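A structural walkthrough
Spelled out, the chains give:
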Amino acid sequence: MHAGSLPLKIRDEIQGVSFPALVLYPTDVPSVPTAFGPYIMHVSPDAPVADGRFPIVVFSHGNGGSHLAHRTIALHLARNGHVVALVEHPGNNRNDNALAGTHENLGNRPRHIRLAIDAIASDPRLGNHAQADNVAVVGHSLGGYTALAAAGGQPLSETGQPVEVVADRRIRSLVLLAPATAWFPAGDSLRHVDVPILMLVAEHDPYTPRWHADFVLAGVPDRNRVDFRVVANAGHFSFLSPFPAAMNGAAFLPSTDPAGFDREAFHAWLPGEVLRHLGTTLDRPAASSGTPGASSPSPEALACPRA
């Protein structure tokens, strides 16, 4: 199976903006190298969706990040039976970060997830092929906050004021990558997040250290539904897809890892592990299509133990 690609413009009436999402999905049309800014992705632009109905996966990038930062995982999921939306959060992305650190941004981000699901469900090309009530959210850093808030978490702002969010009960599973969780302090702020979670954190992370994960483990109603790992020697940005060689270097912080960490090898394993989690937690597990790269190193080989 191959990955098709389709750009969407999603309207947020509350924020008064339209924001982009790149949707990747299963197709039978062979992929071709296609440029998306500085990245080359093997996709079939505007190809018809393959027969069937597929779970939806929405990705939420980190603070000031890029919606293309997790393309490695997203492509793997699309090739293996998922409709995948890569959302660019307006006012909190690499091109426009005017809302960073604001109460407004905390309320906006979870709503963007809901609007992305709605947009896919109502799209004439995608709607008949998407299971709008069978959704996962993958979030990195502030995207982890976004995923938890969208799935029923009740965040508190830095001043202790509740952030107005609406839980989306279509969300059945979460993947949290180095999640930022300071807005869910100890107490009952995560008591309604009763979905299975894969949570991976980095051993060397100055931005979202281990205590962020501890908030999740202590706050969800059933800790046994959290598959928690610490990725040995990884850094905060190690969860981002490998960058083109021309972008790598100390001057571009998202491309950097702790000394000795092999991001390429990690991302040969990570997409398959996310697929495994979704295959066991969404209502209709996605079957592997034998896509190249599906056979990947074990978590033990990458020193990623359960914690």
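Residues numbered from 1 in each chain as written. Predicted model: local features only at pLDDT ≥ 70, side-chain atom pairs only at ≥ 80, totals over all residues. Heavy atoms only, no water.

What follows concerns the overall build of the chain. When helices and strands are counted, the chain shows five helices and 10 strands. Relative to the 2.2 N^0.38 estimate, which gives 19 Å for 307 residues, the radius of gyration of the chain is 18 Å and therefore close to what a compact globule would have. C-alpha atoms of the chain, sized along the principal axes, occupy 50 × 45 × 40 Å. When the 307 residues of the chain are sorted by exposure, 57% land in the buried category. Of the contacts formed within the chain by residues at least 6 apart in sequence, a portion of 72% connects residues at least 24 apart. (Helix = DSSP H or I, 4+ residues; strand = E, 2+ residues; numbered from the N terminus. Rg over C-alpha atoms; globule rule 2.2 N^0.38 Å. Buried < 20%, exposed > 50% of the residue type's maximum accessible area, 1.4 Å probe, protein only. Contact = heavy atoms within 4.5 Å.)

Time to look at the sheet that holds strand β6 (residues 83-87). With respect to topology, 10 strands assemble into an open sheet ordered β3-β4-β1-β2-β6-β5-β7-β8-β9-β10, the strand pairing being mixed. Looking at strand neighbours, the two that pair on one side only are β3 (32-36) and β10 (226-235), the edges of this open sheet. Ignoring which end each strand starts from, the neighbouring axes of this sheet average 30° apart. Sheet analysis places strand β2 (residues 17-27) next to β6, joined by four bridges and oriented antiparallel. Within β6, the residue paired with V23 across the bridge is A85. (Pairing = 2+ DSSP bridges. Axes fitted to C-alpha atoms, helices over the stretch in contact; angles between N-to-C directions.)

Tallied over the full model, the rule gives nine aromatic pairs. A ring pair is formed by F239 and F266, whose centres lie 5.7 Å apart and whose planes are at 70°; its orientation type is edge-to-face. Linking F239 in the loop between β10 and α5 (263-281) with F266 in helix α5, this pair joins segments that are 27 residues apart in sequence. Each member of the pair, F239 together with F266, is buried. Each ring, one from F243 and one from F252, has its centre 5.0 Å from the other, and the planes form 80°; the classification is edge-to-face. With relative accessibility at 9%, the residue F243 sits in the buried group. Residue classification places F252 among the partly exposed positions, given a relative accessible area of 28%. Among the aromatic residues, ring-to-ring pairing joins F239, F261, F266 and W269 into one connected group. (Phe/Tyr/Trp six-rings, centres within 6.5 Å; stacked < 30°, edge-to-face > 60°.)

Looking at the element boundaries, S255 is found in the loop between β10 and α5. Here the side chain of S255 touches G249 through a polar contact of 3.1 Å, landing on its backbone nitrogen. Among all residues touching S255, those that are not within four sequence positions of it are F243, M247, N248, G249 and R263. (Polar contact = N/O pair within 3.5 Å; in protein donor to acceptor, adjacent residues only side chain to side chain.)

For the rest of this paragraph, the subject is the nonpolar core. Within the largest apolar cluster, 55 residues are counted, with the highest numbers of intra-cluster contacts made by L174, I197 and M199. Each residue touching M199, except ones within four places of it in the same chain, is listed here: L176, P179, A213, V216, L217, V226, D227, F228 and R229. The next biggest cluster of nonpolar side chains, apart from the first, holds 40 residues, and it includes L75, L86, L177 and V274. (Core = buried A, V, L, I, M, F, W, Y, C linked by side-chain atoms within 4.5 Å.)

Along helix α3 (residues 142-150), nine of the nine residues are buried, which leaves the element largely enclosed by surrounding structure. All of the buried residues in α3 are L142, G143, G144, Y145, T146, A147, L148, A149 and A150. Those residues of α3 that are buried are in contact with β5 (54-60), α2 (103-122), β7 (130-140), β8 (171-177), β9 (197-204) and α4 (210-219). Phi turns positive one or two residues past the end of α3, at G152, with a value near 125°.

The subject of this paragraph is the pattern of salt bridges. In this structure the tally under the stated criterion is 14 salt bridges. Here R170 makes a salt bridge to D168, at a shortest N to O gap of 2.7 Å. D168 sits in the buried class, given a relative accessible area of 6%. In this structure, E273 engages R229 in a salt bridge whose closest nitrogen and oxygen atoms are separated by 2.5 Å. Within this pair, whereas E273 is found in helix α5, its partner R229 is found in strand β10, the two being separated by 44 residues in sequence. The network of salt bridges with shared partners includes D227, R229, E273 and R276. (Salt bridge = Lys/Arg side-chain N within 4 Å of Asp/Glu carboxyl O.)

Once that is clear, we can look at the environment of A202. Structurally, A202 is set in strand β9. Among the residues examined, A202 registers a relative accessible area of 8% and is labelled buried. Note: C-alpha distance between A202 and N233 (31 residues apart in sequence) is 7.0 Å. Apart from residues no more than four positions distant in its own chain, A202 is found in contact with V230, V231, A234, G235, H236 and F239.

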